[in-house]
Amino acid sequence: MAKQYDVLVRLLILGDSGVGKTCLLCKFTDNEFNSSHISTIGVDFKMRTLQVDGIKVRLQIWDTAGQERYQTITKQYYRRSQGIILVYDITSSSSFQHILKWASDVDEFAPDKVQRILVGNKADEEQMRKVPKEQGSKLAKTYGMEFFETSACTNCNINESFIQLTQQVLQAHKKEMDACLGSTNLYLDMTSLGGEQDKQDSDANSLKPCTC
Ligand SMILES: Nc1nc2c(ncn2[C@@H]2O[C@H](COP(=O)(O)OP(=O)(O)OP(=O)(O)O)[C@@H](O)[C@H]2O)c(=O)[nH]1
């Protein structure tokens with residue numbers, strides 16, 4: 001039977017409450033956008049399998065609650081992530097300022113090898129913009145991160161952001177991957193390299209076209 005995937009990669013989405021983390025994830029996995037804000041309680045995850053650089057990657061993407069009261073729970077998920085998306089809302093200066101705090105939490109709780117990208121979401125709300133694109137770009141440069149402005153509403157740069165982060169993770173774990181993919185038929189579970197494996201799973205989705 002054909003393998004369902006070659007590697008399993010775990011990503012995490014962080015940022016203030018209301019910046020659009022759940023919407024980014026739902027757009028990426030299900031091509032859906034919800035205009036109402038239903039705050040995530042603790043953490044939740046979705047899966048999507050896609051081909052990146054010739055490798056079939058199963059992404060397990062964890063969506064975290066931005067609300068302060070869940071921070072103790074969400075921080076427990078940093079340790080087993082290979083890639084993190086730091087999200088702010090371009091219409092909210094405070095969500096942008098708080099990126100410094102999210103990034104410092106990542107430094108403290110995530111593995112050294114973790115890959116990060118910075119995302120300024122709600123790019124469709126140009127008339128409400130509070131954070132200039134250059135400011136986002138500058139901050140990303142300071143941290144050595146790739147930067148995207150996205151819109152979960154118009155599907156702008158959603159696939160691009162997730163694929164960029166996945167490519168970075170694959171690159172960072174190239175050695176382990178080459179060793180595993182070259183010699184056996186086993187799946188490479190990168191998430192198990194740093195801890196226990198998850199018991200839950202869900203159906204993979206096929207790659208949907210970007211309409212940006
Ligand atoms: N215009 C616009 N609105 C968006 C976009 N993404 C999310 N929203 C809206 O922003 C609100 C919050 O989105 P969520 O995805 O629930 O935010 P969250 O970051 O997951 O929030 P918490 O779960 O509380 O941490 C909702 O009303 C969404 O419809 C976007 O790209 N453009």
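Criteria and thresholds
- Throughout this document, residue positions are counted from 1 along each chain, in the order its sequence is written.
- Where totals are concerned, whole chains, interfaces and linings use all residues; where local detail is concerned, this predicted model gives features only for residues with pLDDT of at least 70, and gives and counts side-chain atom pairs only at 80 or more.
- With hydrogens and water stripped out, all remaining heavy atoms of the structure feed into the side-chain values.
- Cysteine sulfur atoms are paired as a disulfide whenever they come within 2.5 Å of each other.
- Proximity is defined per residue: any heavy atom of the residue falling within 4 Å of a molecule or strand makes that residue near it.
- Two N or O atoms form a polar contact when they lie within 3.5 Å of each other; inside protein one atom must be a possible hydrogen donor and the other a possible acceptor, and for residues adjacent in sequence the pair counts only when both atoms belong to side chains.
- Accessible surface is estimated by sampling points in the Shrake-Rupley manner with a 1.4 Å probe; for residues, cover comes only from the protein chains shown.
- Secondary structure follows DSSP: runs of H or I at least 4 residues long count as helices, runs of E at least 2 residues long count as strands, and numbering of each begins at the N terminus.
- For this scheme, ten residues count as nonpolar: Ala, Val, Leu, Ile, Met, Phe, Trp, Tyr, Cys and Pro. Four count as charged, namely Asp, Glu, Lys and Arg, and the remainder, Gly too, count as polar.
- Two aromatic rings from Phe, Tyr or Trp, using only the six-membered ring of Trp, form a pair when their centres are within 6.5 Å; if the ring planes differ by under 30 degrees the pair is stacked, by over 60 it is edge-to-face, and anything between is tilted.
- The buried label applies to any residue whose accessible area, calculated with a 1.4 Å probe on protein chains only, is under 20% of its type's maximum; exposed applies above 50%, and partly exposed to all values in between.
- To sit over a ring, a charge needs its Lys NZ or Arg CZ within 6 Å of the ring centre and within 35 degrees of the ring normal.

A. Representation of the state of the cysteines. Here the structure, examined in full by the defined rule, presents 0 disulfides. Left without a disulfide partner, cysteine 23 is nearest to the cysteine sulfur of cysteine 26, which lies 6.6 Å away.

B. Representation of the site of the ligand. If you check the shell around the ligand, you find 25 residues, and the closest are Ser17, Lys21, Asn34, Thr40 and Asp124. Within the contact set of the ligand, a nitrogen atom lies 2.8 Å away from a side-chain nitrogen or oxygen of aspartate 124. The contact in question runs from an oxygen atom of the ligand to an N or O atom on the backbone of cysteine 153, over 3.4 Å. Coverage of the ligand by the protein chains reaches 93% of its 660 Å² of free accessible surface. No other element matches helix α1 (residues 21-30), which puts 3 residues into the shell around the ligand. In the shell around the ligand, the residues fall into 6 nonpolar, 14 polar and 5 charged.

C. Molecular detail of the packing of aromatic side chains. Taken as a whole and judged by the stated rule, the model has 6 aromatic pairs. Each ring, one from tyrosine 88 and one from phenylalanine 147, has its centre 6.5 Å from the other, and the planes form 5°; the classification is stacked. Taken as a pair, tyrosine 88 in strand β4 (residues 83-89) and phenylalanine 147 in strand β6 (residues 146-149) lie far apart in primary sequence, 59 residues in all. Taken as a pair, tyrosine 88 and phenylalanine 147 share a single burial class, namely buried. For the cation-ring pair, arginine 48 lies above phenylalanine 28, with the distance from its terminal atom to the ring centre recorded as 4.3 Å. A cation over an aromatic ring shows up here: lysine 101 above the ring of tryptophan 102, its NZ or CZ 3.7 Å from the ring centre.

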